[in-house]
Amino acid sequence: WCFDPVANSWSAKATFPGDARQAAVAFAIDIMGYITTGTSGNPTTMNDLWEYNSVTDSWSQKTAFPGTMRHYACGFAIGSKGYLGTGQSSGGATLLNDFWAYNAITDSWNQIASLPGSTRREASAFSIGNLGYAGMGSGFGVYYSDFYEYNPATNNWTLKSPFGGGVREEATQFSIGSFGYVG
């Protein structure tokens, strides 16, 4: 579905051809939207990657995510790359902090520096300009407020101020201009 704020209306779009899922990661690069990972029920997790073309209203399958299959991961986009990391492995026994970059131009993935700190699921992430941000989330009974900045030019994460609203998991997040929002 697509929301048009000018017309204040919703319109149906091409049906997603992948398996129904929850706890997936989505990001947008230019006119394309991407959906990957997630679960259709424990322990079934997915690693397929789907690209939605907003101009042609069509879906195409892309190179599958090569990392550990997971759900409750987080993601963001910078330029022509989408980033995905953290999460909970299939079967739920392992929490992760690895991060991966998807290059939309070459339709390829490569592993980048892992998120510092504890392994986690249900983290929050967004991008501002040429930098990515990720943090918070939870472990098994542990909740986090730490927050990090990712610089793709140096492939380095930098610890930032902890989230001021306390510990969070499954928070909603977005960025507008030069600010990031979490709630």
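Look above for the structure.
Quick notes on the rules
- Residues numbered from 1 in each chain as written.
- Predicted model: local features only at pLDDT ≥ 70, side-chain atom pairs only at ≥ 80, totals over all residues.
- Heavy atoms only, no water.
- Helix = DSSP H or I, 4+ residues; strand = E, 2+ residues; numbered from the N terminus.
- Buried < 20%, exposed > 50% of the residue type's maximum accessible area, 1.4 Å probe, protein only.
- Pairing = 2+ DSSP bridges.
- Axes fitted to C-alpha atoms, helices over the stretch in contact; angles between N-to-C directions.
- Phe/Tyr/Trp six-rings, centres within 6.5 Å; stacked < 30°, edge-to-face > 60°.
- Lys NZ or Arg CZ within 6 Å of the ring centre and 35° of its normal.

Caption draft 1: Just the side chain of T86, in detail. Tracing the backbone through its elements, the reader meets T86 in strand β11 (residues 81-89). The class for T86 is buried, based on a relative accessible area of 0%.

Caption draft 2: Broad picture of the sheet that holds strand β8 (residues 58-62). Taken in spatial order, the four strands make up an open sheet running β3-β4-β7-β8, and their pairing is antiparallel. With partners counted over all chains shown, the strands left at the sheet margins are β3 (25-29) and β8, one partner each. Averaged over all neighbouring strand pairs, the angle between strand axes comes to 25 degrees, with direction disregarded. Of the pairings in the sheet, the one linking strand β4 (residues 32-36) to strand β7 (residues 49-53) comprises five bridges and is antiparallel in character. Across the sheet, the residue bridging to G33 is Y52, located in β7.

Caption draft 3: Geometry of the sheet that holds strand β15 (residues 131-135). If you trace the four strands from one edge of the open sheet to the other, you get β14-β15-β16-β17, paired in antiparallel fashion. Of all strands in the sheet, those with a lone pairing partner are β14 (124-128) and β17 (156-160), marking the two edges. Here the average twist between neighbouring strands, direction ignored, is 25 degrees. The pairing of strand β16 (residues 147-151) with β17 spans five bridges and is antiparallel. Looking across to β17, one finds that Y148 is bridged to L159.

Caption draft 4: Main features of the packing of aromatic side chains. For the structure on display, the rule yields 18 aromatic pairs. Ring centres 5.0 Å apart and planes at 50 degrees place the aromatic pair F3 and W10 in the tilted group. Accessibility expressed as a relative area gives 59% for W10, which makes it exposed. With centroids separated by 5.9 Å and ring planes inclined at 75 degrees, the aromatic side chains of F16 and W50 adopt a geometry described as edge-to-face. Remark: W50 occurs in strand β7 and F16 occurs in the loop between β2 (9-11) and β3; sequence separation between them is 34 residues. F16 gets classed as partly exposed once you look at its relative accessible area, which sits at 22%. The exposure class of W50 is buried, given its relative accessible area of 10%. Site record: aromatic cluster; members linked through ring pairs are F27, Y34, F65, W100, Y102 and W109. Seen from the ring of Y144, R120 lies directly overhead, with NZ or CZ sitting 4.7 Å from the centre.

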